[in-house]
Structures are given as C-alpha cells and as structure tokens.
Amino acid sequence: MIALPGPVPNREADLARPRERKGADQQSVTRGTARPAKAPNADRSWHPIAQRLWDAAKESGQSDFYQASDWALLYSLCEDLSVYKKSTKRSGQMLQTIYSAFERLLIAEGDRRRVRIELHEPEDETATPASVTVMNEYRAALGIAN
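Residues numbered from 1 in each chain as written. Predicted model: local features only at pLDDT ≥ 70, side-chain atom pairs only at ≥ 80, totals over all residues. Heavy atoms only, no water.

Novice: Help me out: how do you make sense of a nonpolar patch on the surface in this one?
Specialist: Among the surface-exposed residues, V134, M135 and Y138 lie close enough to one another that they form a single nonpolar patch of about 290 Å² accessible area. Classification of M135 as partly exposed rests on a relative accessible area of 41%. (Patch = residues over 30% accessible without salt bridge, like charges linked within 9 Å, V, L, I, M, F, W, Y side chains within 5 Å. Areas by Shrake-Rupley, 256 points an atom, 1.4 Å probe, with all protein chains shown as cover. Salt bridge = Lys/Arg side-chain N within 4 Å of Asp/Glu carboxyl O. Buried < 20%, exposed > 50% of the residue type's maximum accessible area, 1.4 Å probe, protein only.)

This is the structure:
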C-alpha cells in the first residue's frame, strides 16, 4: 500500500460522487470488514495512571470503533506511559510522543471533534417527548381526558 502525503481522505460513502468517476489518477479504495474486537485485560503492574486511562478508554464511546489493532496499540501506549511514569529520569519529548500517539486513538474529545466524531448520551426510551407533555398539560388545563 502506498502512503500519500496530505490529510486523510474521506470515506467512499461520504463523497458526493464515487472516486472511479473522478478520473483514472485517483487511488481506488480497498475495503475490509469491521470485526467485533474484545479489549484485553490491563497489566496489573502498570502505573495507576496508565491503568486508569486503560479503564476509561474501555468504558468510553470511541471504543465502539476500536478493532483488535487499536486495542493492541492502546495496550502498547499504556505500557509506555507506565514505564515513563515509573521512571525517575523523564523526558518531555518522550511524554509528548506518547500523548501524540494517544491522539490517533481519539482518546480526548478534541481529537474526536477534529475527525468529526461526536459521542451523544443514549436516549432515554422511557422519557415522554416534550411535545406530548405540552399537549397533556393543555388537555389537563381544559379538562379534556387523554
């Protein structure tokens, strides 16, 4: 696979027209199948901050998109963060490198927004829509039964 410079291109489904109609010079898209991935367990010897980050990532909404390779990368980064945090000799460049790698996994909200992923609260299925509540209040005020 050839890596091209520049920003990450849009998904094929997000384009106004398919790439094949744009001309022969465009790269074709190779598609794979997303598979369910199970997060491995954290290493008990990790620094508490690395363990907390791992647990938070497992509970966060962005992990719905993670594949096995993403979990492996996150595991490696938590291991690196743990080694860094336990070390008495720390490098600011090393910490910046670790944090930059976390951006690729969309750990922080700003990273998700940059790629236009927003996590929403699940809708409460038992809640009554506001329009129904207002109508019920009008009916009650007029003395009309529901």
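Novice: Would you explain the packing of helix α1 (residues 48–59) against helix α2 (residues 68–86) in this entry?
Specialist: Helix packing for two helices is described by the angle between their axes and how far apart those axes are. Two elements in contact, α1 and α2, have axes whose closest approach is 8 Å; the angle formed by their N-to-C orientations is 155°. Considered as vectors, α1 and α2 are oriented roughly antiparallel to each other. Crossing handedness for the pair α1 and α2: right-handed. Along its contact with α1, which presents I49, A50, L53, W54, A57 and K58, the element α2 presents W71, L74, Y75, C78, L81, S82 and K85. Partitioned by chemical class, the residues of the contact of α1 with α2 number 10 nonpolar, one polar and two charged. (Axes fitted to C-alpha atoms, helices over the stretch in contact; angles between N-to-C directions. Helix = DSSP H or I, 4+ residues; strand = E, 2+ residues; numbered from the N terminus. Parallel < 35°, antiparallel > 145°, perpendicular 65-115°, else oblique. Left-handed = near helix turned anticlockwise from the far one by under 90°. Contact = heavy atoms within 4.5 Å. Nonpolar A, V, L, I, M, F, W, Y, C, P; charged D, E, K, R; others polar.)

Novice: Help me understand the environment of L77 in this model?
Specialist: By secondary structure assignment, the location of L77 is in helix α2. You can call L77 buried: its relative accessible area is 6%. Each C-alpha atom of the pair L77 and W54 lies 9.5 Å from the other, and the pair is 23 residues apart in sequence. Once you skip the residues sitting within four places of it in the chain, L77 turns out to touch I98, A101, F102 and L105.

Novice: Got a minute to help me understand the nonpolar core in this structure?
Specialist: The nonpolar side chains of a soluble globular protein tend to be buried with one another. The biggest cluster of nonpolar side chains holds 17 residues, and the ones touching the most others in it are W54, W71, L74, C78, L81 and F102. For this core, the secondary-structure elements that each account for two or more residues are α1, α2 and α3 (92–104). Top contributing element to this core by residue count: α2, with six residues. When sequence neighbours within four positions are dropped, the list of residues in contact with W54 reads A39, P40, N41, A42, W46, W71, L74, Y75 and C78. (Core = buried A, V, L, I, M, F, W, Y, C linked by side-chain atoms within 4.5 Å.)

Novice: Please explain α3 as it appears in this structure.
Specialist: What sets the pattern is the α-helix's 3.6 residues per turn: residues three or four places apart point alike. The end-to-end C-alpha separation of α3 is 19 Å, in line with the 18 Å expected for 13 residues at 1.5 Å each. Those residues of α3 that fall on the buried side of the exposure criterion are L95, I98, A101 and F102. Looking down the long axis of α3, one finds its buried residues gathered within 125° of arc, a one-sided arrangement. For α3, the exposed residues lying more than 90 degrees away from the buried face are G92, Q93 and R104. Looking at the buried positions of α3, the neighbouring elements they touch are α1 and α2. The backbone nitrogen of Q93 has a side-chain oxygen 3.2 Å away, supplied by the residue at the start of α3, namely S91. L106 lies just past α3 and shows a positive phi near 60°. (Expected span 1.5 Å × (residues − 1). Arc of directions from axis to C-beta. Polar contact = N/O pair within 3.5 Å; in protein donor to acceptor, adjacent residues only side chain to side chain.)

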